[in-house]
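Report on the structure
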Amino acid sequence: MRNPLSKTIESIPPSGIRKFFDVVNEIEGAVSLGVGEPDFDTPWHVRDEGIYSLEKGRTFYTSNSGLKELREEICRFTLRKYNCSYTVPETLVTVGGSEAIDVALRAMLDPGDEVIIPEPCYVSYKPCVILAGGTPVIIDLKEENRFRLTQEELLSAITDRTKILLLSFPNNPTGAIMEREDLEKIARICIEKDIFVISDEIYSELTYGKERHVSIASLPGMKERTIVINGFSKAFAMTGWRLGYAMGPVEIIKQMTKIHQFAIMCAPTTGQFAAVEALRNGDEDIELMRESYDQRRRYLLDAFGKMELPCFEPEGAFYMFPSIKRFNMSSDEFAERLLKAEKLAVVPGSAFGTSGEGFLRISYAYSLDSLKEAMERLGRFIGSL
Amino acid sequence: MREKILRLLEGNAKLSAGEVAVLLGEDEKKVAEEIKAMEDEKVICGYHTMINWNLMPDEKADAIIEVKVAPQRGVGFDRIAERIWQYPEVEGIYLMSGSFDFAIFLQGRSMREVAMFVAEKLSTLDSILSTSTQFVLKKYKDNGVIMEKPEKDERMSIS
């Protein structure tokens, strides 16, 4: 029989996260700080709206781009929060931010086009670029720059074939953010070199510094060359609803909608109705959750300090990215030994790119009690080394 | 800062001033002083433990008693309320709007004990016109805390 598989898919290794997940699942009583989703339930009024939409029999398809009502609310939200002015035709509702990333890449890439991906980053970008026929070009971000992208790093990665820069701040796994001045430098280069930006801003509501999130699309000259990806998973604790969106120039959104239409048809209807409610009446929920994450972030920073585990202060998302370089082992080995000795699961930084080697991703989307228990285990383990 | 401290302590009275300071990113000494000040001003009037007595072998009977009273000239409801709150059996007493005046929360060792308290002590007070006793059969959520066994974290352990 012939090989049924495509060479492309065979060339892509499985997610490093997934590999570790299988190990963790075999260990009974393991405490995990490995999740990448909120520990809060979706706010009740949002769930209730989803239930109500089912009671009313709203079980039909929506338009391919998503409910008009929802897209209008997304535009209002984006204007209110990030001062970015978009219209309904510039907005596409997708199955999570993940689909939006995939569809954007497929709509924009031709074979040989290069996509610059700063790592460490979420595990799907590189495979999605390859599947879309593009060539990923990796920039290894550095801890001394607090894992922000610098203009020098960007310039050194640009070639004649560079088409897209894929930004993801606030960042999973580092918790790094990019402030206005950082983004302005990047934007200037993108305009000068005629590069498009796909900006995955799924953690935009979770920042903890003085200034709230700045979207690169809000900078002068950037809206016309940026696709902003966002969604409901992190801001409204709606991961399982699988609902996200993309916003960008009409001619790109139009082509993205075509792919979305042929592959997906439309995002799930129930979630779309629930999301309208989230955007209309969810600001207070976001604030409560954000404050709670911020407290846990401070708690972990303090706990790391006490056990002399060096960690730059992350200002976004819900991850810490401490360095374990002084223990002279790989992050894989550290995570495996920690799991074995203390039944505590964290994700090795190397799962997010080679520049994540020497770090751990520790999620604080857990109750304070769970974090306390976990820090006791981690402290004991470090003490034993 | 006060409201933030209170919100943390409301959720967990066991947090030390040091822990509160870490969580809020404030100075420990300042937090300790603020807590002390709020204790002195009776903004913080006590630290209680939330107990699910349902899980203990000894039975307890909780009741809510709706009471109608004749308010007294000059002192209104306050004097009567003060009479009632003196009884240690009374866990709480609220002045209410609507069809009755006081809602009284009682806890006794048995339904009979609660009933006897109402019959022998409460009803016999001069200003009390009528009482209506409702026993609590099961507490699902109390003081914002769901009393059922906590649900398991169903998220995937790594994602």
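Higher on the page you've got the structure.
Residues numbered from 1 in each chain as written. Chains lettered and ligands numbered in written order. Predicted model: local features only at pLDDT ≥ 70, side-chain atom pairs only at ≥ 80, totals over all residues. Heavy atoms only, no water.

What to know about the interface of chain B and chain A
Accessible area lost on assembly of the parts is the figure often given for the size of an interface. At the interface, 15 residues of chain B touch 26 residues of chain A. Carbon and sulfur atoms make up 55% of the surface buried where chain B meets chain A, a total of about 1,700 Å² over both sides. Looking at the side of chain B that touches chain A, the elements with two or more residues in it are helix H1 (2–11) and helix H2 (17–24) of chain B. Top element by residues in the side of chain B that touches chain A is H2 of chain B. It accounts for 4 residues. Residue composition of the side of chain B that touches chain A, grouped by class: 7 nonpolar, 3 polar and 5 charged. (Contact = heavy atoms within 4.5 Å. Buried area = accessible area lost by both parts, 1.4 Å probe. Helix = DSSP H or I, 4+ residues; strand = E, 2+ residues; numbered from the N terminus. Nonpolar A, V, L, I, M, F, W, Y, C, P; charged D, E, K, R; others polar.)

Digging into the pattern of salt bridges
Residue and element names in this part refer to chain A. For the coordinates displayed, the defined rule picks out 38 salt bridges over all chains. Ionic pairing is found between Lys68 and Glu72, a salt bridge with its closest N-O pair at 3.1 Å. Here Lys68 pairs with Glu72, and both are found in helix H4 (residues 68–82), just 4 residues apart, close to one helical turn. Overall, the relative accessible area of 52% leaves Lys68 in the exposed class. For Glu72, a relative accessible area of 27% gives the class partly exposed. Between Glu315 and Arg148 there is a salt bridge, and its shortest N-O distance comes to 3.3 Å. (Salt bridge = Lys/Arg side-chain N within 4 Å of Asp/Glu carboxyl O. Buried < 20%, exposed > 50% of the residue type's maximum accessible area, 1.4 Å probe, protein only.)

Thoughts on the sheet that holds strand E3 (residues 114–119) of chain A
All names here are of chain A. Spatially, 7 strands are ordered E2-E8-E7-E6-E5-E3-E4 in an open sheet, and the strand pairing comes out mixed. Every other strand in the sheet has two partners, leaving strand E2 (91–94) and strand E4 (135–140) as the edge strands with one partner each. Neighbour-to-neighbour, the strand axes of this sheet turn through a mean angle of 20 degrees, independent of strand direction. The pairing of strand E6 (residues 196–200) with strand E7 (residues 226–231) spans 4 bridges and is parallel. Within E7, the residue paired with Ile198 across the bridge is Ile227. Against the sheet, helix H5 (residues 96–108) touches E2, E3, strand E5 (162–167), E6, E7 and strand E8 (244–247), its axis set at about 160 degrees to E7. (Pairing = 2+ DSSP bridges. Axes fitted to C-alpha atoms, helices over the stretch in contact; angles between N-to-C directions.)

Brief notes about empty space enclosed by the protein
Residues and elements named next belong to chain A. Evaluated as defined, the whole model comprises 3 cavities of 30 Å³ or more. Approximately 80 Å³ is the volume found for the largest cavity. Lining of the largest cavity is provided by Phe169, Pro170, Ile177, Met178, Glu179, Thr207, Glu211, Arg212, His213 and Val214. Grouping the amino acids of the lining of the largest cavity by side-chain chemistry returns 5 nonpolar, 2 polar and 3 charged. As for the second largest cavity, its lining consists of Leu167, Phe169, Met178, Leu183, Ser199, Glu201, His213, Val214, Ser215 and Ile216. (1 Å grid on protein atoms, 1.4 Å probe; cavity = no way out; pocket = protein on both sides within 12 Å on 5 of 7 lines; lining within 4 Å. Points joined across faces, edges and corners; volume = space filled by probe spheres on them.)

Observations regarding the side chain of Asp101 of chain B
Residues and elements named next belong to chain B. With respect to the secondary-structure elements, Asp101 resides in the loop between strand E2 (90–95) and strand E3 (102–108). Notably, Asp101 is buried but unbridged: the nearest opposite-charge side chain belongs to Lys68, and the N-O separation is 7.6 Å. Polar contacts involving the side chain of Asp101 include one to the main-chain amide nitrogen of Val69, which spans 2.8 Å. (Lys, Arg positive; Asp, Glu negative; His and termini not counted. Polar contact = N/O pair within 3.5 Å; in protein donor to acceptor, adjacent residues only side chain to side chain.)

Here's the deal with the packing of aromatic side chains
Across all of its chains, the model carries 20 aromatic pairs over all chains by this definition. Centroid distance Phe60 of chain A to Phe273 of chain A: 6.5 Å. Interplanar angle 75 degrees. Geometry classified as edge-to-face. Linking Phe60 of chain A in the loop between helix H3 (44–55) and H4 with Phe273 of chain A in helix H10 (residues 269–281), this pair joins segments that are 213 residues apart in sequence. Between Tyr87 of chain B and Phe117 of chain B, the aromatic rings sit 5.1 Å apart at their centres with planes inclined by 85 degrees, giving edge-to-face as the arrangement. Of this pair, Tyr87 of chain B sits in the loop between helix H4 (78–85) and E2 while Phe117 of chain B sits in helix H5 (residues 111–122), and the two are 30 residues apart along the sequence. Site record: aromatic cluster; members linked through ring pairs are Phe40, Tyr203, Tyr293, Phe318 and Tyr319 of chain A. Between the NZ or CZ atom of Lys223 of chain A and the centre of the ring of Tyr86 of chain A, over which it lies, the distance is 4.8 Å. Across the ring face of Tyr366 of chain A, the terminal group of Arg155 of chain B is positioned such that the distance to the ring centre comes to 4.8 Å. (Phe/Tyr/Trp six-rings, centres within 6.5 Å; stacked < 30°, edge-to-face > 60°. Lys NZ or Arg CZ within 6 Å of the ring centre and 35° of its normal.)

Focus on the nonpolar core
All names here are of chain A. Of all hydrophobic cores here, the largest spans 62 residues; its most connected members are Leu33, Leu300, Phe304, Phe334, Ile362, Met375 and Leu378. Sequence-distant contacts of Met375, defined by excluding residues within four places in its chain, comprise Leu33, Tyr299, Leu300, Ala303, Phe304 and Met307. Counting 28 residues, the second-largest nonpolar core is a separate cluster that includes Leu149, Leu165, Ala187 and Leu219. (Core = buried A, V, L, I, M, F, W, Y, C linked by side-chain atoms within 4.5 Å.)

Section: the sheet that holds strand E11 (residues 347–348) of chain A
Either a parallel or an antiparallel arrangement is found when strands of a sheet pair, and the pairing is made through backbone hydrogen bonds. Within the open sheet, the 3 strands sit side by side as E9-E12-E11 (chain A). Their pairing is antiparallel. If you trace the sheet from one side to the other, it starts and ends with strand E9 (319–320) and E11 of chain A, each paired once.

Some details on helix H8 (residues 180–193) of chain A
Residue and element names in this part refer to chain A. Over its 14 residues, H8 extends 20 Å from the first C-alpha to the last, a length consistent with the 20 Å expected when each residue adds 1.5 Å. What H8 keeps buried is the set Asp182, Leu183, Ile186, Ala187, Ile189 and Cys190. Each buried residue of H8 sits inside an arc of 165 degrees when the element is viewed along its axis, so together they form one side. With respect to the buried face of H8, the exposed residues turned more than 90 degrees away are Arg188 and Glu192. Buried residues along H8 sit against helix H7 (151–157), E5 and E6. A positive backbone phi angle near 55 degrees is found at Asp194, which sits one or two residues after H8. (Expected span 1.5 Å × (residues − 1). Arc of directions from axis to C-beta.)

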